[in-house]
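These are the residues of each chain, in order.
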There are 2 protein chains.
Amino acid sequence: MAQMTARLRVGMLAPVAWRVPPRHYGPWERVVSILTEGLVARGVDVTLFATADSITRARLAAVTPRGYAEDSSLDPKVYECLHIAAAFERASTGALDILHNHFDFLPLTYSRLVSTPLVTTVHGFSSERIVPVFRAYNSTTHLVAISKADRRVDLDYAATIHHGIPLNEFTFRPGSGSYLLFFGRIHPDKGAREAIEVARRTGHNLILAGIVQDPEYFRTAIEPSLDGQQIRYIGSVGPTERDSLLGGATALLHLIQFDEPFGLSVVEAMATGTPVIAFRRGSMPELIDDGICGFVITAGDSDAATAAVGRIGELDRKAVRAHVERHFTAERMVDDYLHLYQRLLGQDVATRLSTASKGDAAHAGPQ
Amino acid sequence: MAQMTARLRVGMLAPVAWRVPPRHYGPWERVVSILTEGLVARGVDVTLFATADSITRARLAAVTPRGYAEDSSLDPKVYECLHIAAAFERASTGALDILHNHFDFLPLTYSRLVSTPLVTTVHGFSSERIVPVFRAYNSTTHLVAISKADRRVDLDYAATIHHGIPLNEFTFRPGSGSYLLFFGRIHPDKGAREAIEVARRTGHNLILAGIVQDPEYFRTAIEPSLDGQQIRYIGSVGPTERDSLLGGATALLHLIQFDEPFGLSVVEAMATGTPVIAFRRGSMPELIDDGICGFVITAGDSDAATAAVGRIGELDRKAVRAHVERHFTAERMVDDYLHLYQRLLGQDVATRLSTASKGDAAHAGPQ
């Protein structure tokens, strides 16, 4: 029992749009899952606030039966606030050393009512209109940016921590691949139409995978190009098929039309050895070692993107994988967050963390 | 200074869709204004949490520049949570004896993080989907129903308090009126189409006043009937025109298609002496003394509503006004809430309240 109380106690506040881990789509929930399981493996006492059907080795605390994106009978606004309040109520009892928010801005407004330190990973700013909340609560939450590109000059940050992925879920494939791949939400931001254009100009096959987030865009800009042969759409792909789909590609086309704060699919593709051709926007230059892991192209220059496809053969897929092994593993991300917690909590907790770092996972099973 | 701390300190949490008091439409904000000014007149130390352009003799605390229904550049979700949090943060400093929530369900989820007692006036349940929050926080908020009809059997209430209105804003008119009146949101719930049908069948003129909440309904069900003579739509009407518009009517037609939790316009019409013909739904039987103040008709029976118009001459408009004077004054509402606060806060505050009841308004100006 003494050992229990000596362990670092982290509350992890996930979004409740999707289950943790998500069945197929849900990047915020996916990062929460990777971090949570990584911390549990280090012996940290994690309480995961997430949907009731979530799967974790942490202690699960749930008030939302299912993800509201998976069950339209659930009112998002109702379950958001019930869920967030439950985490802060737990914090108010003194049961958590730190509360780590992955749920955008609403939790910030509860932060002055508890004394528990709040870390907030900003998974992206959906709109300029939400920034006033981050500004108002900048002093009561330790913000973490997920890329240098996503840092705002008008906010103070405690750290920039790139996401990491579990390498064991991604198999290195040395072959040169047989198709170009678009992997992401079907939405103008993500550049599916631009990927189709490049595929057509190069004559390569293209597979598109991802949820349809913008049905009108899908109907008008994507569907007319689908021929079941050269250009194919296969829907949203879960963890099982993802590995072979990414690994079997010649290149991932990531011709984004917005400043993407991070690109999980970019890192996942590279983990299988598949290089990435991306427009130079948002975090892309931070993720892709240009000329080694793929090509980072002037935004909007589809001639250059087309030319880059012809140069993919110059790249060494082993070097692509190695870049992820060096910079984007789950272990590196977990280390970075543990160091942040340590820095924020000070010396007395540092002792507990150093115990946790020994990774005595036998004490950290489901409870 | 000793006198200041002896006064009862109430935080009044208004919605921020509209200014307090609203310029024209905004029934929740209107009730907040009536209650706030009434409490200030009794010497209560009220902090009104509302939009920055609100007008009050209470201490105004504002983080929302304008009502989000009046300025579409404001993100409702962002300003809702900033606004609500500001009230709870004030409560957490111990600066309020009681916090009185008029802002629906979201504030309930902050209630367990402060020790200040929370009173919540439920201005209506917009949907069955929001009820889980009221259930989850029923033990940490003292719910007030605004009518017996709006009480849910699955919730515990501290009181039922009908709204009251400032009688001095409504002039009694003895005349028999020259038109039928529809006064409310243009929305299927409110029965504008049914009012038009009754006006046509009786040959009376009809004036429709109110915001267009459902543009499609307005376009298809209302607009084709507008002839600028017998059936006229005059838009939304502010406080100045409201008195003469209500008082000049033969009857208010309130042929509602939903269980309305309260009807401010019903009480306001009666305050000018104008009787009301209403369908028997929601709170209508509680507001209208049937056969004295108007006629409460079987819901959906437009033959009966049409017949009732022919019997309006039988009613004594003085008796209609008298009913409001007895049951629906601002003073009665303020008394009811003061008694509730007293009951909830117990003896030590009872002493302060009895001081407040002497109405030493000289100490309660804007601060």
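Being a predicted model, the structure only gives us computed values, none of them experimental.

### Let's talk about the packing of aromatic side chains
The description of two aromatic rings rests on the distance between their centres and on the angle between their planes.
Okay, so step 1: Within this structure, the stated rule accounts for 13 aromatic pairs over all chains.
Okay, so step 2: Their ring planes at 70° and their centres at 6.1 Å tell us that Phe262 of chain A and Phe328 of chain A sit as a pair that is edge-to-face. Taken together, the residues span a long stretch of sequence, with Phe262 of chain A in the loop between strand E11 (251-254) and helix H8 (264-271) and Phe328 of chain A in the loop between helix H11 (317-327) and helix H12 (330-345) at a distance of 66 residues.
Okay, so step 3: Ring geometry for Tyr337 of chain A and Tyr341 of chain A: centres 6.4 Å apart, planes at 40°, overall tilted. Residue Tyr337 of chain A and its partner Tyr341 of chain A are both found in helix H12; the two are separated by four residues, about one turn of the helix. You'll find Tyr337 of chain A and Tyr341 of chain A in the same group, each marked buried.
Okay, so step 4: Among the aromatic residues, those joined into a ring-pair cluster are Phe88 and Tyr110 of chain A together with Phe88 and Tyr110 of chain B.
Okay, so step 5: Arg152 of chain A extends its terminal NZ or CZ atom over the ring of Phe125 of chain A, reaching a point 5.6 Å from the ring centre.

### Topic: the interface of chain B and chain A
Okay, so step 1: If you look at the interface, chain B gives 28 residues, while chain A gives 28 residues.
Okay, so step 2: Summed over both sides, the interface between chain B and chain A buries roughly 2,300 Å², with carbon and sulfur atoms accounting for 64% of that surface.
Okay, so step 3: Three residues, Lys77, Leu113 and Arg129 of chain B, lead the burial of chain B against chain A; their summed loss comes to 28% of the area buried on that side.
Okay, so step 4: For the pair chain B and chain A, the number of links is six salt bridges.

### Let's talk about the side chain of Thr250 of chain B
Residues and elements named next belong to chain B.
Okay, so step 1: As for its position among the elements, Thr250 is in strand E11 (residues 249-254).
Okay, so step 2: A polar contact of 3.2 Å, which involves the side chain of Thr250, links it to the backbone oxygen of Gly177.
Okay, so step 3: Sequence-distant contacts of Thr250, that is, excluding residues within four places in its chain, are made with Ser176, Gly177, Ser178, Tyr179, Leu180, Thr274, Pro275, Ile312 and Arg317.

### Some remarks on the environment of Arg332 of chain A
All names here are of chain A.
Okay, so step 1: In this fold, Arg332 is placed in helix H12.
Okay, so step 2: Put simply, Arg332 and Tyr25 are 307 residues apart on the chain and 23 Å apart in space, counted from C-alpha to C-alpha.
Okay, so step 3: With residues near it in sequence (within four places) discarded, Arg332 still touches Ile161, His162, His163, Gly164 and His327.

### Side note on the packing of helix H5 (residues 192-202) of chain A against helix H6 (residues 215-222) of chain A
Angle between the axes and distance between the axes are the two parameters that describe a pair of packed helices.
Residues and elements named next belong to chain A.
Okay, so step 1: Packing of H5 against H6 brings their axes to within 10 Å, and their N-to-C directions diverge by 20°. Between H5 and H6, the angle falls in the class roughly parallel. Crossing geometry of H5 relative to H6 is assigned as right-handed. From H5, Ala192, Arg193, Glu194 and Ile196 reach across to H6, where they touch Tyr217, Ala221 and Ile222.
Okay, so step 2: Residues of the contact of H5 with H6, tallied by class, amount to five nonpolar, no polar and two charged.

### Observations concerning the packing of H8 of chain A against H11 of chain A
All names here are of chain A.
Okay, so step 1: The N-to-C vectors of H8 and H11 enclose an angle of 125°; their axes lie 7 Å apart at closest approach. As far as their axial angle goes, H11 and H8 are oblique. Across the interface between the two elements, Val267, Met270 and Ala271 of H8 pack against Val320, Arg321, His323 and Val324 of H11.
Okay, so step 2: When the residues that make up the contact of H8 with H11 are grouped by side-chain class, the tally is five nonpolar, one polar and one charged.

### Observations regarding unusual backbone geometry
All names here are of chain A.
Okay, so step 1: Backbone torsion omega between Val20 and Pro21 reads -10°, so that peptide bond is classified as cis.
Okay, so step 2: Positioned with a positive phi, Asp104 is a non-glycine residue whose angle comes to about 60°.
Okay, so step 3: Along the chain, Asp104 falls in the loop between strand E4 (98-101) and strand E5 (118-122).
Okay, so step 4: For Asp104, a relative accessible area of 19% puts it in the buried group.

Criteria and thresholds
Residues numbered from 1 in each chain as written. Chains lettered and ligands numbered in written order. Predicted model: local features only at pLDDT ≥ 70, side-chain atom pairs only at ≥ 80, totals over all residues. Heavy atoms only, no water. Phe/Tyr/Trp six-rings, centres within 6.5 Å; stacked < 30°, edge-to-face > 60°. Helix = DSSP H or I, 4+ residues; strand = E, 2+ residues; numbered from the N terminus. Buried < 20%, exposed > 50% of the residue type's maximum accessible area, 1.4 Å probe, protein only. Lys NZ or Arg CZ within 6 Å of the ring centre and 35° of its normal. Contact = heavy atoms within 4.5 Å. Buried area = accessible area lost by both parts, 1.4 Å probe. Salt bridge = Lys/Arg side-chain N within 4 Å of Asp/Glu carboxyl O. Polar contact = N/O pair within 3.5 Å; in protein donor to acceptor, adjacent residues only side chain to side chain. Axes fitted to C-alpha atoms, helices over the stretch in contact; angles between N-to-C directions. Parallel < 35°, antiparallel > 145°, perpendicular 65-115°, else oblique. Left-handed = near helix turned anticlockwise from the far one by under 90°. Nonpolar A, V, L, I, M, F, W, Y, C, P; charged D, E, K, R; others polar.

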